[in-house]
Amino acid sequence: MTLDDIQRRDATDPLAGFRSEFTLPEGVIYLDGNSLGALPRATAARLADTVTREWGQDLIRSWNTADWIGAPQRVGGKIAGLIGAQADEVVVADSTSVNLFKLLAAGLKARPGRTVILTEPGNFPTDLYVAQGVQALLPDVTVRTAPRETLLEAIDDDVAVVMLTHVHYKSGARFDMAAVTAAAHARGALVLWDLSHSVGAVEIDLNGAGADLAVGCGYKYLNGGPGAPAFLFAARALQADLASPLTGWMGHAAPFAFGDDYAPAPGLDRFLCGTPPILGVAALEIGVEIALRADMAQVAEKSRQLTALFIDRVEDRCAGLGLTLASPRAPEQRGSHIAFTHEAAYPVMQALIARGVIGDFRAPDILRFGFTPLYLRHEDAWNAVEILREVLVSEAWREPAYQVRAAVT
Ligand SMILES: *Cc1c(COP(=O)(O)O)cnc(C)c1O
C-alpha cells in the first residue's frame, strides 16, 4: 500500500464532502474529535443569529417565536435519528454526568426490591463517581463492579441497573449492546448505556437492541462545542415508570401554571430540570444536523477503515519503538479511537501536538487517537503515523518542555 493508494481511497470516499463543513486549522491533523469535536463552519453564524437577533432583538419573546422552549425536544428528536430511537425517546438536557444521576436514580426506583448498580472497574470516572454519589445518598444502594469477562454472570436478582459505557473511553472496546441488554433483561435488570464515545461515529440501534436507558455527550463526535449540553434516552414503554430525582420546573406537567406542588410532565419531558442553555443547544443543533445528513452505515464503515489503517501503519512503521496496541484488533469490537501504550506516553503526545498531530494522553501510559469519519481523510491517518515515527526514532519527546504536565491532558 502506498500513499497514492490512500489518496485514491480518499478521492472515492462518499463522505469526503463533509470535511469542508468544518473549520480545521492549517497544519493540524486532528485526532481528538472523540474528546472535543471540531468546529462546524455553520456554528458561528448560527450563534451570531441566536445572540443578536433572537436574544438581542426579540428578547424574551424568543422563547415562543424562536421555539427556545421546544429546543430540548427538537434537538433530542434529531439525535434520536442517529441512535436508533424514536423522537419522543430523547431529550437534550444538562451534562452527561447529571443525566447519569437522573437515570440511575430513576432506574433504581423502577426496580423496587433491587439495590445494586452494576458496572465495570475502569469505567469512565464520572460514571463511577456519580454511581458512588447515588450510593452515598441512598443507604440501601450499593455499587458493584465486575470485569467485563464476568460481567454477565454478576447480574443477579439484586441488580437494578447495569451501567456501562458502550465504547470504552480508553481502550475503545465496544460492548455488544443487544447481547448485554438481552442478558440483563433475562435477569430482570435494566441497562443504562453511556454513548459518549459512540454517538456520531459508530452504528447505534437502541430500539433494535431493546435498550432501556442511555445518556450521551454533545461535544465529542456530535461537534456541539465545548461543554455542549448532553442528551438522555428512555424507551417509550418505560417512561411512565420513571421518576426524575431532580424535580425542577421544566420537568413539571405545567411549568407556567406556577403551582406549588410538583407533578411530572408526561413522557420524557419530566427529565428536564431547569431552563435549557439556549446558546449551547443552538451550537449542538448544527453539529447534529450535519451528522444527520450523513449515512451512519457509511460513517461506521469509514471509522473501521481509518482505525484499521492507523493500526496497520503504526505496527509497520513504528515496529520496535515501544508501542503496544491497547484496543481490540477486530473492528466490530471497537469504536472510533485507537489506544497504544508507551512508557513515555505523555511526552510523546506533547511532541506530537507540537508537530500538529493532536491526540491525547490518558493516564498512566495511553496515547489515544480519535478518528472522526466526517472530517478525517485516510491521508491524515497515514501522515500522522509518519510524524509519530519521526518523534519516536529521533526521541524528540525527551525535550524537557514536553515533560511538564498541563492541567488538562
Ligand atoms: C466524555 C464522557 C463523559 C462526560 O461527562 P460530562 O458530564 O460531560 O463531563 C461521561 N461519560 C463518558 C463515558 C464520557 O466519555
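Note that the structure is predicted; figures quoted are calculated from it, not measured.

Criteria and thresholds
- In this numbering scheme, every chain counts its residues from 1 along its sequence in written order.
- Residues qualify for local features only when their pLDDT is at least 70, as the model is predicted, and side-chain atom pairs are given and counted only at 80 or more; totals for whole chains, interfaces and linings, by contrast, use all residues.
- Water and hydrogen atoms were dropped before computing side-chain values, which therefore reflect all heavy atoms in the structure.
- Domain delimitation follows an automatic or database domain assignment.
- Contacts: residue pairs with any heavy atoms within 4.5 Å of one another.
- Summed over both partners, buried area is the accessible surface (1.4 Å probe) that two parts give up on being assembled.
- Salt-bridge detection follows one rule: a side-chain nitrogen of Lys or Arg within 4 Å of a carboxyl oxygen of Asp or Glu.
- If a single non-hydrogen atom of a residue is within 4 Å of a molecule or strand, that residue counts as near it.
- Within 3.5 Å is the distance limit for a polar contact, defined as a pair of N or O atoms, with the added protein rule that one can donate a hydrogen and the other accept it, and that residues adjacent in sequence qualify only through two side-chain atoms.
- Accessibility throughout is a Shrake-Rupley quantity obtained with a 1.4 Å probe, and a residue counts as covered only by protein chains that appear here.
- Segments assigned H or I by DSSP are reported as helices when at least four residues long, segments assigned E as strands when at least two residues long, and all are numbered from the N terminus.
- Only Asp, Glu, Lys and Arg are considered charged in this grouping, and only Ala, Val, Leu, Ile, Met, Phe, Trp, Tyr, Cys and Pro are considered nonpolar; every other residue, Gly among them, is considered polar.
- Burial status follows relative accessibility: with a 1.4 Å probe on protein chains alone, a residue under 20% of its type maximum counts as buried, one over 50% as exposed, and anything between as partly exposed.
- Here, the arc refers to the directions that run from the helix axis to the C-beta atoms.
- Within this analysis, patches are made of residues with over 30% relative accessible area and no salt bridge. Like charges are joined at 9 Å or less; nonpolar side chains (Val, Leu, Ile, Met, Phe, Trp, Tyr) at 5 Å or less.
- A pair of strands counts as paired when DSSP detects no fewer than two bridges linking them.
- Interaxial angles span 0 to 180 degrees and are taken between N-to-C directions of axes, which are lines fitted to C-alpha atoms, for helices over the stretch in contact.
- Among buried residues, the Ala, Val, Leu, Ile, Met, Phe, Trp, Tyr and Cys ones that are joined through side-chain atoms within 4.5 Å form a nonpolar core.
- Stacked, edge-to-face and tilted are the three classes for Phe, Tyr and Trp ring pairs, Trp counted by its six-membered ring, which pair at centre distances within 6.5 Å; planes under 30 degrees apart are stacked, over 60 edge-to-face, the rest tilted.
- Charge-over-ring contacts are defined here by two conditions on Lys NZ or Arg CZ: a distance within 6 Å of the ring centre and an angle within 35 degrees of the ring normal.

(A) The domain arrangement of the protein chain, seen in detail. Split into domains, the protein chain comes out as domain 1 (3–30 + 295–403) and domain 2 (45–293). Centre-to-centre, using C-alpha coordinates, domain 1 lies 30 Å away from domain 2. Every contact between the two is made by 31 residues of domain 1 and, on the other side, 19 residues of domain 2. Summing the contributions of domain 1 and of domain 2, the shared interface buries around 2000 Å²; its carbon and sulfur component is 54%. Among the residues domain 1 hides against domain 2, the three largest losses belong to Glu-21, Met-296 and His-337. Together they make up 26% of the total. In this structure, the connection of domain 1 to domain 2 is made through two salt bridges.

(B) Here's a closer look at the site of the ligand. As a matter of local geometry, the ligand sits amid Ser-95, Thr-96, Ser-97, Phe-124, Thr-126, Asp-127, Thr-165, Asp-194, Ser-196, His-197, Tyr-219 and Lys-220. Between the ligand and the protein, one listed contact pairs an oxygen atom with a side-chain N or O atom of Ser-97 at 2.6 Å. Contact with the protein chains removes 87% of the 390 Å² of surface that the ligand exposes when unbound. The set of elements that each furnish at least two residues to the shell around the ligand consists of α5 (96–109) and α6 (125–137). The residue inventory of the shell around the ligand, partitioned by class, reads two nonpolar, seven polar and three charged.

(C) Broad picture of helix α4 (residues 71–80). Taken as a whole, α4 has its buried residues at Ala-71, Pro-72, Val-75, Gly-76, Ile-79 and Ala-80. For α4, the buried positions fall inside an angular range of 165 degrees around the axis, keeping them on one side. Buried residues along α4 sit against β4 (90–92), β10 (231–234) and α9 (278–293).

(D) View of a nonpolar patch on the surface. A contiguous nonpolar surface patch, about 500 Å² in accessible area, is contributed by Val-51, Trp-55, Leu-59, Ile-60 and Leu-279. Mapped onto the fold, Trp-55 is located in helix α2 (residues 41–57). Among the residues examined, Trp-55 registers a relative accessible area of 49% and is labelled partly exposed.

(E) Structural view of the pattern of salt bridges. Within the structure shown, the criterion is met by 27 salt bridges. Ionic pairing is found between Asp-5 and Arg-8, a salt bridge with its closest N-O pair at 2.8 Å. Of this pair, Asp-5 and Arg-8 both sit in helix α1 (residues 3–11), separated by three residues, roughly a single helical turn. On the basis of relative accessible area, Asp-5 is assigned to the partly exposed category, the value being 30%. A single salt-bridge network, built from bridges that share partners, covers Arg-46, Asp-67, Arg-74, Lys-78, Glu-285 and Glu-289.

(F) Summary view of the sheet that holds strand β14 (residues 360–362). Ordered in space as β11-β12-β15-β14, the four strands form an open sheet in which the pairing is antiparallel. Of all the strands in the sheet, just β11 (324–325) and β14 have a single pairing partner and so form its edges. The pairing of β11 with strand β12 (residues 337–341) spans two bridges and is antiparallel. By the bridge assignment for β12, Thr-324 is matched with Thr-341. The strands touched by helix α10 (residues 296–317) within the sheet are β11, β12 and β15 (366–370), with β12 carrying the most contacts at an inclination of about 20 degrees.

(G) Spatial organisation of the pairing of strand β9 (residues 213–216). What you see with β9 is no split at all: Leu-213 and Val-215 on one side and Ala-214 and Gly-216 on the other are buried throughout. Pairing analysis gives three bridges linking strand β8 (residues 190–194) to β9, with the strands arranged parallel. Residue Asp-194 lies in a different strand from β9, and its bridge partner there is Val-215.

(H) Just the nonpolar core, in detail. By size, the foremost hydrophobic cluster in this structure holds 92 residues, and its most contacted members are Ile-79, Ile-83, Val-162, Trp-193 and Leu-206. When residues of this core are sorted by domain, at least three fall in each of domain 1 (3–30 + 295–403) and domain 2 (45–293). Setting aside residues up to four positions removed in sequence, Trp-193 forms contacts with Leu-164, His-166, Phe-175, Met-177, Val-180, Thr-181, Ala-211, Leu-213, Ala-214 and Val-215. Listed in part, the 28 residues of the second largest apolar core include Leu-100, Leu-213, Leu-232 and Leu-238.

(I) Layout of the side chain of Asn-123. The residue Asn-123 is located in the loop between β5 (116–119) and α6 in this model. Judged by its relative accessible area of 2%, Asn-123 is buried. At 2.6 Å, the side chain of Asn-123 forms a polar contact with the side chain of Thr-165. When sequence neighbours within four positions are dropped, the list of residues in contact with Asn-123 reads Leu-128, Met-163, Leu-164, Thr-165, His-168 and Tyr-169.

(J) Here's a closer look at the packing of aromatic side chains. Across all of its chains, the model carries 11 aromatic pairs by this definition. Taking the centre distance of 5.2 Å and the plane angle of 90 degrees together, the rings of Trp-63 and Trp-68 count as edge-to-face. For Trp-63, a relative accessible area of 23% translates into the label partly exposed. Using a relative accessible area of 10% as the deciding quantity, one classes Trp-68 as buried. Of the aromatic side chains, those joined through ring pairs into one cluster are Phe-310, Phe-340, Phe-369 and Phe-371. One cation-aromatic arrangement involves Lys-220 over Phe-124; the distance from NZ or CZ to the ring centre is 5.3 Å. Of note, Arg-405 hangs over the ring of Tyr-346, and the distance from its end group to the ring centre comes to 4.5 Å.

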